[in-house]
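Here are the chains, one letter per residue:
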Amino acid sequence: MKHFIYIAILVVLCTACNNNSPEQKGTVVTYTETDELFPNPERGLLSQIYYVSDDLESHASANTINNNRSSISYLTLYLHSYYLTDYMESDIAQAFLDRLETNMNALREGGGKVVLRFSYKSDFENSSKPWDASPEWIARHIEQLKPYLQKHADVILCVQCGFIGSWGEWYYTSNFKFNPSKDEDFEPRWKVLEQLLDAVPSDRQIALRTPEYKMRYLRMRGLGEEPLTAAEAYQPTAKARIAGHNDCFVSSANDVGTYNSTEGRTFWQEDTKYTFMGGETCERCSYSKSENAIKNMEMYHWTYLNRDYHPSVANLWRSEGKWDEIVRRLGYRFALDRVVYTETPTAGEKFNARISLHNSGFAAPHNKRDVELIFVSVSDPTKKFIYPQAEDPRFWQGGETYNFDLSCTLDASMKGEYKLYLNLPDPYESLHNDPRFSIRLANENVWEETTGYNLLTTITVQ
């Protein structure tokens, strides 16, 4: 089927969905959505890889990361769990930090991004105590890691707070209050959180294990008790930067202690509209059925899921025929509905394109993303005109349709036939021109793999 249909009449575009700007007349192009599975940056299944301090030879491979993009899982995400077991009372060895540097470079070269977590122990046996380092050594380790987190922010999706307790999940702990209840019990935890908020660039989020942690932190710091609003979202504030992760998803009535109150559930349902949510299942139970899982992924706006754990739950979703839907809908999934553009594009004059698209995914993309209109000459593809736009995809929520205008003043030399593209690249200069880090729209015959552009139509500029 052809990917767009010209209608050679003036039309009025419906504005009923999420935009109240004036009606627009122009030439219409419509598009066909696809259910195809394909890789997209900063969303989807992830693979968890462990890097331990007593094996400094293991490291990520750029070739493997690139090859995984076309595998059955279409991986673009990884959870790198770093265990600092041998450094609980010393500085992190330079060889360990060098391996971190190697892994981050491999992600960039291979076309992947990472969720990071640092911790000290991977079990809660008494024989393994202490399960974490002292607050003083944790502070020193974060100080050592800071230059690497700053340097490689471009390939970081988010950072799980970690450090405290076995697996970095803030529970089985030797050096922090085991079951904190009073405000003062939480202060050592908040210091670690704030040290990490300082170490990680302000455009990246830090994920806590439960909603109650964020709710209490906000209250204790005088930041209110309400979830984020659109006006507060994506600012360099602690409230906007604290996200969540659930590592016992649909594994009991309260996700094995993830939720301790109705208020916590309500908070995360609202807060995760603008912050990352992801994690893993931890056991199969009656709550694990795919119908309930999808409902919860919609409510809590899931972006990523560990593909390897728990296998019994993944197998259940496969047997129920819902695995592909979950893979397809994790994070964002944008599809064009139609575009209405200036009827007679003229060189040197204003050009307008009203975009109508919907997001069938569970979430919006929470890291900044550029939006560009790009014109490429049909007769001379080296002749290219790029027009950055102010639209922000981070506000394109899952389950919603959006109508918005993109506009520019065409260059005076632009007479002739042009392909018109919508480009959604990564804003970091290191990734901006790498098509693997640009968002692909879920439509037939719009994706241009060599550039990372999405073809809207072909126009003739007078």
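This text goes with the structure placed above it.
Conventions we followed
Per chain, residues are indexed from 1 in the order of the written sequence. Two thresholds apply to this predicted model, a pLDDT of at least 70 for residue-level local features and 80 or more for giving and counting side-chain atom pairs, whereas whole-chain, interface and lining totals are computed over all residues. Values reported for side chains reflect all heavy atoms of the structure, with hydrogen atoms and water molecules removed beforehand. Only the stretch in contact is used when a helix axis is fitted, and all axes are lines through C-alpha atoms; the angle between N-to-C directions ranges over 0 to 180 degrees. The helix count covers DSSP runs of H or I at least four residues long, the strand count covers runs of E at least two residues long, and both are numbered beginning at the N terminus. In these notes the angle categories are as follows: under 35 degrees is roughly parallel, over 145 is roughly antiparallel, 65 to 115 is roughly perpendicular, and the rest is oblique. The sense of a crossing depends on the near helix, which, turned anticlockwise from the far helix by less than a right angle, makes the crossing left-handed and, turned clockwise, makes it right-handed. In what follows, residue pairs with any heavy atoms lying within 4.5 Å of each other are defined as contacts. Any residue outside Ala, Val, Leu, Ile, Met, Phe, Trp, Tyr, Cys, Pro, Asp, Glu, Lys and Arg is labelled polar, Gly included; the first ten of those are nonpolar and the last four are charged. Salt bridge, as used here: a side-chain nitrogen of Lys or Arg that lies within 4 Å of a carboxyl oxygen of Asp or Glu. Working definition: with a 1.4 Å probe on protein chains only, accessible area under 20% of the residue-type maximum means buried, over 50% means exposed, and in between means partly exposed. Aromatic pairing here means that ring centres of Phe, Tyr or Trp (its six-membered ring) are within 6.5 Å. Orientation follows from the plane angle: under 30 degrees is stacked, over 60 is edge-to-face, and everything else is tilted. By definition, being over a ring means that NZ of Lys or CZ of Arg is both within 6 Å of the ring centre and within 35 degrees of the ring normal. When DSSP finds at least two bridges between two strands, those strands are taken to pair. A helix is expected to reach a length of 1.5 Å times the quantity of its residues less one.

A. Fine view of the packing of helix H3 (residues 135-151) against helix H4 (residues 183-199). At a minimum axis distance of 9 Å, the contact between H3 and H4 shows a crossing angle of 20°. By the criterion of interaxial angle, the relationship of H3 to H4 is roughly parallel. Judged by the sense of rotation from one axis to the other, the crossing of H3 with H4 is right-handed. Residues Ile138, Ala139, Ile142, Lys146, Leu149 and Gln150 of H3 pack against Val192, Gln195, Leu196, Asp198 and Ala199 of H4. Its residues assigned to classes, the contact of H3 with H4 shows seven nonpolar, two polar and two charged.

B. View of the pattern of salt bridges. Going through the model one piece at a time under the given rule, you end up with 29 salt bridges. The shortest N-O distance in the salt bridge between Asp203 and Arg204 comes to 3.6 Å. Residue classification places Arg204 among the buried residues on the basis of a relative accessible area of 3%. Among the ionic contacts, a cluster of salt bridges with common partners joins Glu42, Lys113, Arg369 and Asp426.

C. Focus on the packing of aromatic side chains. This model, assessed by the stated rule, comprises 34 aromatic pairs. Between Phe334 and Trp396, the ring centres sit 5.0 Å apart and the planes meet at 80°, which makes this aromatic pair edge-to-face. Residue Phe334 is found in strand S11 (residues 334-341), and its partner Trp396 is found in the loop between strand S14 (384-388) and strand S15 (400-409); the two are separated by 62 residues along the sequence. Like Trp396, Phe334 is buried. An aromatic cluster is present here, built from Tyr51, Tyr82, Tyr87, Phe96, Phe118, Tyr120 and Phe163 joined pairwise through their rings. Sitting over the ring of Phe96, Arg99 keeps its end group 5.0 Å from the ring centre. Geometry around Phe38 places Arg440 over its ring, the cationic atom sitting 4.2 Å from the centre.

D. A look at the packing of helix H2 (residues 94-110) against H3. Running from amino to carboxyl end, H2 crosses H3 at an angle of 10°, the nearest separation of the two axes being 11 Å. Compared by their axis directions, H2 and H3 come out roughly parallel. In this structure, H2 contributes Gln94, Leu97, Leu100, Glu101 and Arg108 to the contact, and H3 contributes Gln144, Leu145, Tyr148 and Lys151. Grouping the amino acids of the contact of H2 with H3 by side-chain chemistry returns four nonpolar, two polar and three charged.

E. Representation of the pairing of strand S16 (residues 416-423) in the model. With six bridges joining them, strand S13 (residues 372-377) and S16 adopt antiparallel strand pairing. Residue pairing for S16: Phe375 is matched across the bridge by Leu420. Here seven bridges tie S16 to strand S18 (residues 453-461), and the two strands are oriented antiparallel to one another. Note that in S18 the partner of Tyr421 across the bridge is Leu455.

F. Representation of H4 in the model. Taking 1.5 Å as the rise per residue, H4 with 17 residues should run 24 Å; its terminal C-alpha atoms sit 24 Å apart, in good agreement. Of all the positions in H4, only Asp185, Phe186, Arg189, Trp190, Val192, Leu193, Leu196, Leu197 and Ala199 are classed as buried. Of the surrounding elements, those touching the buried residues of H4 are H3, strand S6 (156-160), strand S7 (206-208), helix H5 (211-220), helix H6 (238-241) and strand S8 (242-246).

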